[in-house]
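# Structural overview
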Amino acid sequence: MRSLFFIIAFITTSSFAQVINEICPSNIEVHEDFFAGFLDWLEVYNPTDDAINLEGYALSDDYSNPSKWPFPPINLSSYAYLTITAKDDPILISTISFLFPRRGGTVYMFSPTAELVDSIAYPEIQPNHSYGLIDSNYYYFEAPSPGDPNNSETGYKGYANSPSINLGSGAFEVGTEIVMTAVLPSETIYYSYNGMNPGEEEFYDSPISLDNH
């Protein structure tokens, strides 16, 4: 598990409606582009009652270059989601011409007159995870939802720190005690015996003694 990153959001006071709703900077098997396979992707949402013509709008990872990737003629229907793939040497004009670094970054959306429409400052994200909005708050998604509302999936506020464990790998005698310590006092440790995600009842509050099972 990765450490939680603190994010400074780029705040806008834009009067434009469309929003950057979700981003996946390391797509290995979540969303497949018909022509190019599995690429980085970004999702734009239209939360209004009217269709929006995106021609002339642009995306950029450089605030000083607001026309880095202009949208082709696309009408985004009312309450519709548009998933756009990204590649640094795209074949199609409908593919964003720059990548989204896994370590984190910012993507901006500009109007035809170079006004800032929206932006998303995303943290380091694990492969096949995404980062996006639910009710104006940002979450990590273990199960991304390109083309669908983010609130249909569980959102997380960050990645947990891995606890320190008193034992390394290897074989141990029956009765050996496993002691785990959280990195931060505010963190709680849960565990499982089979490698699956633990449930809330699998709460660690005392050393675990190994038996012969």
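Located above this text is the structure these notes cover.
All values reported here derive from a predicted model rather than from experimental measurement. (Residues numbered from 1 in each chain as written. Predicted model: local features only at pLDDT ≥ 70, side-chain atom pairs only at ≥ 80, totals over all residues. Heavy atoms only, no water.)

## Quick notes on the pattern of salt bridges
Overall, the coordinates contain two salt bridges when judged by the stated rule. Close ionic contact of Lys-68 with Asp-61 constitutes a salt bridge, the shortest N to O distance being 2.6 Å. By relative accessible area, which is 32% here, Lys-68 ends up partly exposed. Judged by its relative accessible area of 33%, Asp-61 falls in the partly exposed class. The salt bridge involving Asp-89 is made with Lys-87; its shortest N-O contact spans 3.4 Å. Residue classification places Lys-87 among the partly exposed positions, given a relative accessible area of 28%. (Salt bridge = Lys/Arg side-chain N within 4 Å of Asp/Glu carboxyl O. Buried < 20%, exposed > 50% of the residue type's maximum accessible area, 1.4 Å probe, protein only.)

## Describing the side chain of Asn-21
Along the chain, Asn-21 falls in strand E1 (residues 19-24). For Asn-21, a relative accessible area of 6% corresponds to the buried category. A distance of 2.7 Å separates the side chain of Asn-21 from the side chain of Glu-43, its partner in a polar contact. If near-sequence neighbours (up to four positions away) are discounted, Asn-21 is found in contact with Glu-43, Val-44, Tyr-45, Tyr-81, Tyr-131, Gly-132, Leu-133 and Asn-150. (Helix = DSSP H or I, 4+ residues; strand = E, 2+ residues; numbered from the N terminus. Polar contact = N/O pair within 3.5 Å; in protein donor to acceptor, adjacent residues only side chain to side chain. Contact = heavy atoms within 4.5 Å.)

## Quick look at the sheet that holds strand E12 (residues 130-134)
Pairing is antiparallel in the open sheet, where six strands are placed in the order E9-E4-E1-E12-E13-E14. The open sheet is flanked by strand E9 (81-86) and strand E14 (155-156), the only strands paired with a single partner. Two elements, E1 and strand E4 (residues 40-45), share five bridges in a ladder whose sense is antiparallel. Opposite Val-19, over in E4, you have Tyr-45 as the bridge partner. (Pairing = 2+ DSSP bridges.)

The quantities given are spatial measurements derived from coordinates; they are silent on function.
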